[in-house]
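Coordinate analysis (summary)
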Amino acid sequence: MQEYSVETAIAVIADQGATLKVDTQHLRELSFRIGSIFQFIGELNIQPNNEAILQARTGRNVDGIDLDLYYQSLQQLRQFQAKHMKNATT
Amino acid sequence: MDQQPPSLLHIHVKLLGFSLHSITPWPNNPSIFYLNGKRISRVEILGVVTSRDYKPNKFLRFTLDDGTHSITCILWLNHLTSPFFASRQPATLRVISDLAKCFADDIQFGKVARVRGRVSSYRGDLQVTVSDVVIERDPDAETLHRLDCISLGRRCYFG
């Protein structure tokens, strides 16, 4: 987490050079700490100025996560899904 | 002589949401499904709890999101009142009922849950009837489950 505003409950998270605003107003029980790693699930809203903001439905602190393994697992997942879906259509 | 591959019918098959949603019903038995031509009835899934519909002493219906699909789960809480369980021993039913209530308390919004249960179909949609719940606290639990499912998928389920 890169930024967090207590007034607006808007957080900015950064990952691999990209940033995303997250509206955390529904996550009252979570304590936000700059520099910690968070995982959010929610609805992505595109504002009139074309800016994306995630309306978070759930969030959790995942400090300690092995990010290298996480990225590798996503890469494996994409390959697995691509093959699986290709087989399903043939 | 060719050796038959082991049956998946009575084991909890570790699946990602998108694979679970690819299974199709076995024509002669509503509790058996096809996964790539193999018969399955039980699954193990893991994901973040993203919805929760609680009816005390009846059921807890919740959704797990593992990043590939959302999976609806139903945890029955009516063991002491439903005629469906009437033939079971009262002492056994109390244990099952207490355990189900503990699971219902554990299943909270935003938690990561590992769920085992039977696959069923309700109004045309797949759901998992829960028999066991573990709340995961390891931040790598989702990653490791994902890798497990991919590895098992390549070697056993889709190989």
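How each quantity is defined
- Residues numbered from 1 in each chain as written.
- Chains lettered and ligands numbered in written order.
- Predicted model: local features only at pLDDT ≥ 70, side-chain atom pairs only at ≥ 80, totals over all residues.
- Pairing = 2+ DSSP bridges.
- Helix = DSSP H or I, 4+ residues; strand = E, 2+ residues; numbered from the N terminus.
- Contact = placed C-beta atoms within 7 Å.
- Nonpolar A, V, L, I, M, F, W, Y, C, P; charged D, E, K, R; others polar.
- Core = buried A, V, L, I, M, F, W, Y, C linked by C-beta atoms within 7 Å.
- Buried ≥ 20, exposed ≤ 12 C-beta atoms within 10 Å, placed from the backbone.
- UniProt positions renumbered as here; feature names shortened; annotations may be inferred.

Let's talk about the pairing of strand β2 (residues 10-15) of chain A
All names here are of chain A.
- Bridge count for strand β1 (residues 3-4) against β2 is 2 bridges, and the pairing is antiparallel. Paired with Glu3 across the bridge in β2 is Val12.
- As consecutive antiparallel partners, β1 and β2 are separated by 5 residues, and within that stretch Ala9 has a phi angle of approximately 60°, a positive value.
- Count of turn residues in the β2/strand β3 (residues 18-23) antiparallel hairpin: 2 residues, of which Gln16 carries a positive phi of about 50°.

Quick word on the environment of Gly37 of chain B
- Take Gly37 of chain B: it is sitting in the loop between β3 (33-35) and β4 (38-40).
- Gly37 of chain B sits 16 residues away from Asp53 of chain B along the chain, and the two C-alpha atoms are 34 Å apart.

Considerations on the sheet that holds strand β5 (residues 52-61) of chain A
- In spatial order, the strands read β1-β2-β3-β5-β4 (chain A); together these 5 strands make up an open sheet with mixed pairing. Each end of this open sheet is capped by a strand with a single partner; those strands are β1 and β4 (38-46) of chain A.

Observations concerning the interface of chain A and chain B
- Each side of the interface is counted separately: chain A has 19 residues, and chain B has 16 residues.
- In terms of residue count, helix α1 (residues 67-89) of chain A provides more of the side of chain A that touches chain B than any other element does, 9 residues in total.
- When its residues are assigned to classes, the side of chain A that touches chain B shows 8 nonpolar, 7 polar and 4 charged.

A few points about the pairing of β5 of chain A
Residues and elements named next belong to chain A.
- Pairing geometry for β3 and β5, over 3 bridges, is parallel. For Val22, the partnering residue across the bridge sits in β5 and is Leu54.
- Looking at chain direction, β4 and β5 are connected through 9 bridges and run antiparallel. In the sheet register, Phe40 faces β5, and the bridge partner there is Gly59.

Focus on the nonpolar core
- If you look at the biggest cluster of nonpolar residues, it comprises 35 residues, and the most contacted ones within it are Ile45, Leu64, Cys73, Leu75, Ile107, Val115 and Val128 of chain B.
- For this core, the element with the most residues is strand β5 (residues 42-55) of chain B, which contributes 5 residues.
- If we ignore the near neighbours within four places in the chain, the residues touching Leu64 of chain B are Ile45, Gly47, Val48, Val49, Ile71, Cys73, Ala113 and Val115 of chain B.
- One finds Ala11, Ile13, Leu27 and Ala56 of chain A within the second-largest nonpolar core, a separate group that totals 7 residues.

Describing the sheet that holds β4 of chain B
Residue and element names in this part refer to chain B.
- Taken together, the 3 strands give an open sheet; going across it, the order is β2-β3-β4, and neighbouring strands pair in antiparallel fashion. Taken across any chain shown, the strands that pair with only one partner, and hence form the sheet edges, are β2 (24-25) and β4.
- One ladder, built from 3 bridges, connects β3 with β4; its direction is antiparallel. Paired with Tyr34 across the bridge in β4 is Arg39.

Overview of the environment of Gly67 of chain B
- With respect to the helices and strands, the residue Gly67 of chain B is situated in the loop between β6 (59-65) and β7 (70-76).
- In this structure the C-alpha to C-alpha distance between Gly67 of chain B and Thr50 of chain B, which are 17 residues apart in sequence, comes to 11 Å.

Regarding the UniProt feature "domain: OB" (unreviewed entry) in chain B
- According to UniProt, the "domain: OB" (unreviewed entry) feature falls on residues 43-134 of chain B.
- Helix makes up 18% of residues 43-134 of chain B and strand 52%, whereas the separation of the span's terminal C-alpha atoms amounts to 14 Å.

As for the environment of Thr143 of chain B
- Its place among the elements puts Thr143 of chain B in helix α3 (residues 141-157).
- Using a count of 22 C-beta atoms within 10 Å as the deciding quantity, one classes Thr143 of chain B as buried.
- In sequence terms Thr143 of chain B and Asp53 of chain B are 90 residues apart; their C-alpha atoms lie 27 Å from each other.
- Not counting residues within four places of it along the chain, the set of residues in contact with Thr143 of chain B comprises Asp66, Leu69, Tyr70 and Ser73 of chain A.

Quick look at unusual backbone geometry
Residue and element names in this part refer to chain A.
- Of note, the phi angle at Gln16 is positive, near 50°, even though the residue is not glycine.
- Structurally, Gln16 is set in the loop between β2 and β3.
- The exposure class assigned to Gln16 is exposed, which follows from the 6 C-beta atoms found within 10 Å.
- Here the phi dihedral of Asn50 falls at roughly 75°; this positive angle occurs in a residue that is not glycine.

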